Amino acid sequence: MSGRILVVDDIAPNVRLLKAKLEAEYYDVLTADNGPDAIELARQAVPDLILLDVMMPQMDGFEVCTRLKNDPRTRHIPVVMVTALDQQVDRVHGLQVGADDFLSKPIDDVALFARVRSLLRLKLVMDELRQREASGRAVGAISDTMTCFGDSDAAANILILEEDLSRAERLGRRISQQNQLTLCTDPKEASQLLDQQGFDLLVINLVARGFDGLRLCARIRSSDNGRAMPILALVDPHNREKIVRALDIGVNDVLLRPVDANEFDARVKTQLRCKRYADTLRQSLDSSFELSVTDQLTGLHNRRFMQARIADALTRLGRGVEPASVMIADVDFFKQVNDKWGHDAGDKVLQELARRMKANMRAIDIACRYGGEEFVLVMPGADLNAGLQAAERLRIAIEDEPFELGGHHGTTRITLSAGVTELEPGDSHESALARADQALYAAKNAGRNCVKSIEKAPAQSAAGR
Ligand SMILES: [Mg+2]
């Protein structure tokens, strides 16, 4: 996996050494020797990862990290702090300002590349989400207020798997204040729990003698439920091979034993923050998809979605699976509603009409607002006769009950004219809708409040029958 990495250190030989190591592994390397330059470069070049020295004159690594994480342009870039001393207090401070990981000098190559690969992999997933969200935002489907960085302190659901129950309880006490904890000593039981419900984080002891934690992590990563769940693993600092394999399998973070309470708490918070950020992105993507196929006023589908469904119906017709019909309906004299009682009243009428349309169609029918006061119903499986019956049912449902106008306006009666056509082989959605539109005009010309159809053009082979 290649990527662009920004190396920040005030001492030139350190920079040269890291640059050489990373370039040997085909990473693209940028460098800076002070905080302000690093921030500027991060904004402009947007690297995939930043290796940040803690001890620098003027602006130290903590300050640089704080600024990067407070800037929407750079906050998604993973930051690995490089500390001269393996000081726990530095680690905790770093995590508090948003650092994603640590390396201590002198930098161990194996640890370096395992961290780099793991963080780049995570960033790849986040980038894809961010990109899809950005395109949603560009078409106006996602508003700027919908995405926050996941800083909420809402309770998280955490599973702790540790073979010794008293150790599990001790771990739990360190993070139990605002979170929902499930303690578990058996990997089989943990697997079942993970299948049954979603967790926000798994804390797993990889040093356990009674089970193979790595195997479970690998299985979780290949399951639907566990693919996106963060995993924090407790490891023995001397077992470098296991640390590297854990990160390669997809464990998000490792914590060295003996466990420092503050570092544990800070790493848990970091993982939960990332998870919430990813969840928020996914949710806004889901709702943007919903918005992109929905008419906002009526909640019916929009024109784009309807065209795609007509195309589907044409494909099934072409394969000889089933017929399909299309109706276009138009509210009679709708302009008078707007002119007499205003646009709010007009909107209320359209909303109620949409509600009656949904109440009077089959579950497989697709109701769409075509524009203004025009509606389209796509009816898979319906031949012309069935399509006409459906349209007539809707026409009666509209005519029968008066419509509320809102405010002090009371109610009014509304009628609907509709045109129906059956899809033909060789149709496009344009030609089908054009025929339905012709039928609609026939209904208007026949005095409105009625349904008309255009017969299928007689096929060549049926000529003279
Ligand atoms: Mg330094």
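These numbers come from a predicted model, not from an experiment.

## Brief notes about the coordination of the magnesium ion
- Every protein donor of the magnesium ion is listed here as Asp10 (OD), Asp53 (OD) and Met55 (O), and their distances to the metal cover 2.0 to 2.2 Å.
- Donor residues for the magnesium ion, ordered by position in the chain, follow D-x42-D-x1-M. You can see aspartate 10 sitting in the loop between strand S1 (4-8) and helix H1 (12-24) and its partner aspartate 53 sitting in strand S3 (residues 49-53), a full 43 residues away along the chain.
- Note on aspartate 53: relative accessible area 2%, which makes it buried.

## Some details on the pairing of strand S13 (residues 374-380)
- By the criterion of burial, S13 is predominantly enclosed, with 6 of the 7 residues buried.
- With 7 bridges connecting them, strand S11 (residues 324-331) and S13 associate as antiparallel partners. Residue pairing for S13: alanine 329 is matched across the bridge by phenylalanine 375.
- Of the pairings in the sheet, the one linking strand S12 (residues 366-371) to S13 comprises 5 bridges and is antiparallel in character. Opposite alanine 367, over in S13, you have leucine 377 as the bridge partner.
- Between the end of S12 and the start of S13, which pair antiparallel, lie 2 residues, with glycine 372 showing a positive phi angle near 50°.

## Considering the sheet that holds S12
- Strand order in the open sheet formed by 5 strands is S12-S13-S11-S16-S17, with mixed pairing between adjacent strands. Of all the strands in the sheet, the pair left with one neighbour each is S12 and strand S17 (451-453). Across the sheet, the mean angle separating the axes of adjacent strands is 20° when strand polarity is ignored.
- Taken strand by strand, helix H11 (residues 303-318) contacts S11, S12 and S13, and its axis lies near 130° from that of S12.

## Quick notes on helix H8 (residues 213-221)
- By the burial criterion, the buried members of H8 are Gly213, Leu214, Leu216, Cys217, Ile220 and Arg221. When H8 is viewed along its axis, its buried side chains cluster within an angular range of 160° and face the same direction.
- Between the side-chain oxygen of the N-cap and the backbone nitrogen of leucine 214 there are 3.2 Å, and the N-cap of H8 in question is aspartate 212.

## Description of the state of the cysteines
- Under the definition given, this model contains 0 disulfides.
- In this structure cysteine 217 is not part of a disulfide, and its nearest cysteine sulfur, from cysteine 184, lies 13 Å away.

Rules and cut-offs
- Residues numbered from 1 in each chain as written.
- Predicted model: local features only at pLDDT ≥ 70, side-chain atom pairs only at ≥ 80, totals over all residues.
- Heavy atoms only, no water.
- Donors = N, O, S within 2.8 Å, 3.2 Å for Na, K, Ca; no water.
- Helix = DSSP H or I, 4+ residues; strand = E, 2+ residues; numbered from the N terminus.
- Buried < 20%, exposed > 50% of the residue type's maximum accessible area, 1.4 Å probe, protein only.
- Pairing = 2+ DSSP bridges.
- Axes fitted to C-alpha atoms, helices over the stretch in contact; angles between N-to-C directions.
- Contact = heavy atoms within 4.5 Å.
- Arc of directions from axis to C-beta.
- Polar contact = N/O pair within 3.5 Å; in protein donor to acceptor, adjacent residues only side chain to side chain.
- Disulfide = S-S within 2.5 Å.

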